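Read off the chains here:
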Amino acid sequence: MDDSVDTSVPLTTSDFQMKYIPLPCDFDVHYPEARIKELLEAFVGKIAGRKAEETKTSQTTTAAGRKRPLEETVVQAWADMNEEFNLFRGYIFHRSQNTPEVGDKKHLKVDATLIAESDKEKIIEGTPNWALSRFPIEFKRGGCEWDPFDDRDGHDVESPAITRRHVRGQLMSYARKVCSYQHRTKLLQLFINGEEFRMLHWDRSGLAFTPAINYLESVDNMRLLLQFLYGFVFLDDCTQGLDHTAVPLSKESCGWKRMEVLGLASRTDLAHEDRDLPPDFEPPAGFTLPSADASESPLFDAGHLHRDPTEVCDPSLDHKTLRPDVTPVWKYMRELFHQSITSDYPRYSITVGGRRFLVGKPVFEANGMVSRGTRGYIALDWETQRFVFLKDAWRPFYDGVEKEGDVLSKLNKEGVTNVPTLIVHGDVCERDGTEQETETSKLSPAYRVEKPPPVAIKQRKIIPLRTSRPTTAVARSAQEVSTDIRVAPLPASAPAVGDPFTMASSSDKASRGVKRPAHGGSADESRRPGSGIRHLVHYRIVVAEVCLPSTAFTSGRTWATVVFECLQAHQGAYEMCKIVHRDISVGNMLILPTLLFGSEGDIIAVIWSGILTDWELAKDVGVVFARQPERTGTWQFMSLRCLMYPTLPVTIPDELESFFHSLLYNAVRFLVHNFSNIHTFIHNYFDDTSPDSNLVPSTPQAKEASITEGRIKFKGKALKFGGRDLHPMNELVERLLDLFRARYRVSRWETEQETAWVAQDDALPPIPPPADAPAKGWSARFKQRSTRQPQSELRSPVVDPLRPTERDIQLAASLQTHDAVLDIFEELVRKEGVWPDNDTVADRLHGYRQAPPVLPSTGRPAKQARTAPVGGLFVPLAEAGRNLFLGMNVDASSN
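Residues numbered from 1 in each chain as written. Predicted model: local features only at pLDDT ≥ 70, side-chain atom pairs only at ≥ 80, totals over all residues. Heavy atoms only, no water.

A.B. asks: Hey, could you go over the overall build of the chain for me, with residue numbers and the actual values?
C.D. replies: When you go through the chain residue by residue, the secondary structure sums to 21 helices and 26 strands. Looking at the chain as a whole, 56% of its 895 residues qualify as buried. When the accessible surface of the chain is totalled, it reaches about 38500 Å², and 52% of it is carbon and sulfur. (Helix = DSSP H or I, 4+ residues; strand = E, 2+ residues; numbered from the N terminus. Buried < 20%, exposed > 50% of the residue type's maximum accessible area, 1.4 Å probe, protein only. Areas by Shrake-Rupley, 256 points an atom, 1.4 Å probe, with all protein chains shown as cover.)

A.B. asks: Lay out the pattern of salt bridges with the relevant residues and their values.
C.D. replies: Applying the stated criterion to the full structure yields 43 salt bridges. Residues Asp269 and Arg334 are paired through a salt bridge, measuring 2.7 Å at the closest nitrogen-oxygen approach. A residue pair is termed long-range when its members are at least 10 positions apart, and Asp269 in the loop between helix H8 (254–262) and strand S10 (275–276) and Arg334 in helix H10 (residues 331–341) qualify at 65 residues. Each member of the pair, Asp269 as well as Arg334, carries the same accessibility label: buried. Between Asp308 and Arg356 there is a salt bridge, and its shortest N-O distance comes to 2.4 Å. With Asp308 in the loop between S10 and helix H9 (315–318) and Arg356 in strand S12 (residues 355–359), the pair connects residues that are 48 residues apart, well separated along the chain. Judged by its relative accessible area of 26%, Asp308 falls in the partly exposed class. In the salt-bridge network here, residues are joined through shared partners; they are Arg372, Lys391, Glu404, Asp614 and Glu616. (Salt bridge = Lys/Arg side-chain N within 4 Å of Asp/Glu carboxyl O.)

A.B. asks: Tell me about the side chain of His661, residues and numbers included.
C.D. replies: In this fold, His661 is placed in helix H14 (residues 652–670). Owing to a relative accessible area of 0%, His661 belongs among the buried residues under this scheme. A polar side-chain atom of His661 sits 3.0 Å from a polar atom in the side chain of Glu657. At 3.1 Å, the side chain of His661 and the side chain of Tyr685 are in polar contact. (Polar contact = N/O pair within 3.5 Å; in protein donor to acceptor, adjacent residues only side chain to side chain.)

A.B. asks: Outline the pairing of strand S15 (residues 386–396), listing residues and values.
C.D. replies: The element S15 is largely enclosed, with a buried count of 10 among its 11 residues. Where strand S14 (residues 375–381) lies against S15, seven bridges are found, and the strand directions are antiparallel. Bridge assignment links Ala379 to a residue of S15, and that residue is Val388. Turn length for the S14-S15 hairpin, with the two strands adjacent in sequence and antiparallel, is four residues, and the turn residue Gln385 shows positive phi of about 60°. As defined by bridge partners, S15 adjoins strand S18 (residues 536–543) across eight bridges and the pair is classed as antiparallel. When the bridges of S18 are listed, Asp392 appears paired with Arg540. (Pairing = 2+ DSSP bridges.)

A.B. asks: I'd like a rundown of the pairing of S14, residues and numbers included.
C.D. replies: The buried count for S14 comes to seven of seven residues, which makes it a mostly enclosed element. Burial of the side chains of S14 extends over both faces: Arg375, Tyr377, Ala379 and Asp381 are buried on one face and Gly376, Ile378 and Leu380 on the other. As judged from the two bridges shared by strand S13 (residues 364–365) and S14, these two strands associate in the antiparallel manner. Each bridged residue has a counterpart across the sheet, and for Phe364 the counterpart in S14 is Gly376.

A.B. asks: Describe the nonpolar core, listing the residues and the values that go with them.
C.D. replies: Among the nonpolar cores identified, the biggest contains 113 residues, and Leu411 and Trp615 are the most heavily contacted of them. Of the residues that make up this core, three or more belong to each of domain 2 (246–443) and domain 3 (546–753 + 807–874). Setting aside its immediate chain neighbours within four residues, Leu411 contacts Val416, Val419, Ala573, Cys577, Ile579 and Trp615. Of all hydrophobic cores here, the second largest spans 52 residues; its members include Ile36, Val74, Tyr215 and Tyr230. (Core = buried A, V, L, I, M, F, W, Y, C linked by side-chain atoms within 4.5 Å. Domains from an automatic or database assignment. Contact = heavy atoms within 4.5 Å.)

A.B. asks: Can you break down helix H15 (residues 679–687) residue by residue, with the values?
C.D. replies: Here H15 has its buried residues at Phe681, Ile682, His683, Tyr685, Phe686 and Asp687. Its buried side turned inward, H15 meets H14, helix H16 (701–709) and strand S25 (713–714).

A.B. asks: Explain the sheet that holds strand S21 (residues 589–597) residue by residue, including any values.
C.D. replies: Taking strand neighbours across the sheet as the criterion, the four strands line up as S10-S22-S21-S19 in an open arrangement whose pairing is antiparallel. Only two strands of the sheet have a single partner each, and these edge strands are S10 and strand S19 (548–549). Here S10 runs beside strand S22 (residues 603–612); their pairing, made up of two bridges, is antiparallel. When the bridges of S22 are listed, Asp276 appears paired with Ala605.

A.B. asks: Explain the packing of aromatic side chains to me, and be specific about the residues and the numbers.
C.D. replies: The geometry of an aromatic ring pair is captured by two quantities: the separation of the ring centres and the angle between the planes. Under the defined criterion, the tally for this structure stands at 34 aromatic pairs. Taking 4.0 Å as the distance between ring centres and 10° as the angle between the ring planes, the aromatic pair formed by Phe149 and Phe209 counts as stacked. Separated by 60 residues along the polypeptide, Phe149 in the loop between strand S4 (133–140) and helix H5 (162–181) and Phe209 in strand S7 (residues 207–209) bring together distant segments of the chain. Just as Phe149 is buried, Phe209 falls in that class too. Centroid distance Tyr685 to Phe686: 4.6 Å. Interplanar angle 50°. Geometry classified as tilted. Above the plane of the ring of Trp256 lies Arg347, whose end atom (NZ or CZ) is 3.7 Å from the centre. (Phe/Tyr/Trp six-rings, centres within 6.5 Å; stacked < 30°, edge-to-face > 60°. Lys NZ or Arg CZ within 6 Å of the ring centre and 35° of its normal.)

A.B. asks: How would you sum up the packing of helix H12 (residues 556–577) against helix H20 (residues 819–829)? Please name residues and give values.
C.D. replies: Relative orientation of the contacting elements H12 and H20 amounts to 150°, with a least axis distance of 10 Å. Judged by the inter-axis angle, H12 sits roughly antiparallel to H20. Handedness of the crossing formed by H12 with H20: left-handed. Note on element contacts: H20 touches H12 through Asp819, Val821, Leu822, Phe825, Glu826 and Val829, opposite Arg557, Ala560, Thr561, Val563, Phe564, Leu567, Gln568 and Gln571. Among the residues forming the contact of H12 with H20, the class breakdown is eight nonpolar, three polar and three charged. (Axes fitted to C-alpha atoms, helices over the stretch in contact; angles between N-to-C directions. Parallel < 35°, antiparallel > 145°, perpendicular 65-115°, else oblique. Left-handed = near helix turned anticlockwise from the far one by under 90°. Nonpolar A, V, L, I, M, F, W, Y, C, P; charged D, E, K, R; others polar.)

A.B. asks: Break down the confidence of the model for the chain for me, citing the residues and quoting the values.
C.D. replies: Across the chain, the average pLDDT comes to 81, with 76% of residues at 70 or higher. Segment residues 888–895: pLDDT under 50, and 19 contacts once partners within four positions in sequence are set aside and those in other chains are kept. (pLDDT = per-residue confidence, 0-100.)

A.B. asks: So what's going on with the environment of Trp635? Residues and values would help.
C.D. replies: Along the polypeptide, Trp635 turns up in the loop between strand S24 (625–626) and helix H13 (640–644). Among the polar contacts listed, one links the side chain of Trp635 to the backbone oxygen of Asp688, at a separation of 3.3 Å.

A.B. asks: Describe the environment of Tyr377, naming the residues involved and giving the relevant values.
C.D. replies: With respect to the helices and strands, Tyr377 occurs in strand S14. By relative accessible area, which is 1% here, Tyr377 ends up buried. Not counting the four nearest positions on each side in its chain, Tyr377 is found in contact with His183, Val359, Gly360, Lys361, Pro362, Val363, Val388, Phe389, Leu390 and Asp392. A distance of 3.4 Å separates a polar atom in the side chain of Tyr377 from a polar atom in the side chain of Arg375.

A.B. asks: Tell me about H8, residues and numbers included.
C.D. replies: All buried positions along H8 are accounted for by Cys254, Gly255, Trp256, Arg258, Met259 and Leu262. Where H8 is buried, its residues contact H10, S12, S14 and S15.

A.B. asks: Kindly report on unusual backbone geometry, identifying the contributing residues and their values.
C.D. replies: Peptide bonds are, in most cases, trans, and in most cases residues other than glycine have a negative phi. Here the phi dihedral of Asp6 falls at roughly 60°; this positive angle occurs in a residue that is not glycine. Relative to the assigned elements, Asp6 resides in the segment before strand S1 (8–10). Judged by its relative accessible area of 8%, Asp6 falls in the buried class. Although it is not a glycine, Arg582 sits at a positive phi angle of roughly 70°. On the secondary structure map, Arg582 appears in the loop between strand S20 (579–580) and S21. Residue classification places Arg582 among the buried residues on the basis of a relative accessible area of 9%.

Listed below in structure tokens is the structure:
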């Protein structure tokens, strides 16, 4: 499990059975001793018989010299046993080891799975049928090298052996695929390795598994296998992990048929490219801009739609007339919705806050099984019959962490512009009203029931980059670590970075316990199984805006304007609500086409506005304790200071620097410039996290050099945008870099002065205070000393060339507010006649693959990532967004 280190927990068979697959009371009646013996003999006979048939082709032997069966032999033996003895009552043993789903680029083919007999008519023969899978089963030929876990005493359960890691990756890929097609809270999985089996339980926090048991060795072991299989078929849907708040739609349902109608192209839809409009322009009837207070559709009272979208209907009989009544929208919205319902993904009616939303395939989906599992949908709000955006995720559960919807509610209430409009949000609950939460997290060695107090920010420890983003396989040597830039040192009480078990976090419910203890985490504990597990709660949020990704811009001026307007949103949130975003990235800045109204109320243009989204990591500046232990932000766009000192709180200058890195990322990716190949540059500036000797990620060298020197330079060449003519992006980048260079120059100088005084104090013998001197007197004296100027005779008469100028000091101070950066953006984006129209190119990152992360447990690189380049949760739309716009571009005179 390369993307989720230390998230596997071994359980005894009895504990696993008690927690996840209770034994039905009639097991002994259905499986008496004689029948178990019969099944054991039959299993042994079928596997032995098939082994004999393949002896001439199989060269694989055990340590004892016995022939091992081929994988196909084991699979066929199980298929024969199920056909003869009906091992899975009520389920179909479906084999699919040869053919992947149509369109699956990864060509995943699980060996077998259980599918409910009620879904028999939906099965596509030979393929995995991920949307129907209830119980995936993976087979291997046998032997410890094919066992994904090493649960012997003194060994790492997540063995670094290549073959074992590969099998773990397979199991995770299959689990993720099922959870991608379905809406699940967990998943049970069976692993058969020759003559041994393991039961697995997945959720978004991690994996629990049983010991490897030889089911052909004894009657007792065969009984245990049958208990698990018999227990599974008696589990209800929710206990198997199906989410009851997401109801599949049948093709005969009212909701399915309505989605078909709304997915068709409509002549009344409005073209979304930015353009001036003719004086007599009128929007199509019914077209409205995003709003949280849309009224219920009149189609329900008129009898044209059922209020329950899952209800089966015949429009010719159940409704008065078959009326499409399609509300006009931007063309890209209808196209994105159409794409989401034309795949082989099932369609669901999802409940959020008592309202129903219909969805198909997600427009983006986070990678990995052990993750937050974030998925975004273009959803149909069934009540209003409008398209909205729905995000489904598993949020980290920590004290003091506000839900994203609560943050948006504050921003909307105060009138902050260029942020999403909240419709509804909330934690997803079970039928008994309790929140859907991860179960594996309760197996973590750090899980506790008590509730420790929150830990001050300067006292917390931060996990070295675990979920932020990939690291490289090669560490920089100590000699290569730059000492040219320093910020104020951490307080003496601040612990070293990297111990994940001295980080506090608590729960508001004692029954949930605590993911991280405040004290008592030892070095040994940090390597115990499950030490990387987080406690997560299922959460959904719906907003009115359906946006394009930031990569859809078609000119440098548009991209600069999008960033400018997201900066305005950030300023409004800070000044009006005292909230900082803390995760500025290209993926969290979106594009929303909107109508521009003139002074007389007439519509004069279609413009593209920037929307700053994903406020889930936002924090009130008044909160003085660390709310969650993980590193905050997206690695590629974090400020240099935050990368170097992740224990320090995120400040306004840090956020402004993140906006700059985001601006640069998309600019070098899509604008005309003089760098011939940016793959290496992107790696060295954004993605590189070469670990130090302690495997703690260090700052990217190119980013550090650029920010501290005040210019973007790579392989001896300075970055220049545009062709022979000067491009405004050059001035924008240069002036912003001037601010950040001054910040770090001043910071470095102040740090050096503090260091000089500390060295001087250490050289002098301590003077004891008078016996009657009050303690507060010494505090005042130390405070006074810290502000006095160094004595001239203790300093070199040579003027330090690195000493900041008065201008540097003023520029650095200007970053304490948004004004200086906003003024630069506003001046340049509003300049007329200087921005070229045709300054974009095709995505230069096409085919780029990020370097694999180094696993802290082994120091070795993980499997190379197969994901698209970084860009936030809209990564899958990074290229599609631009192609969608360019492919749908229409004449500017059209509506």
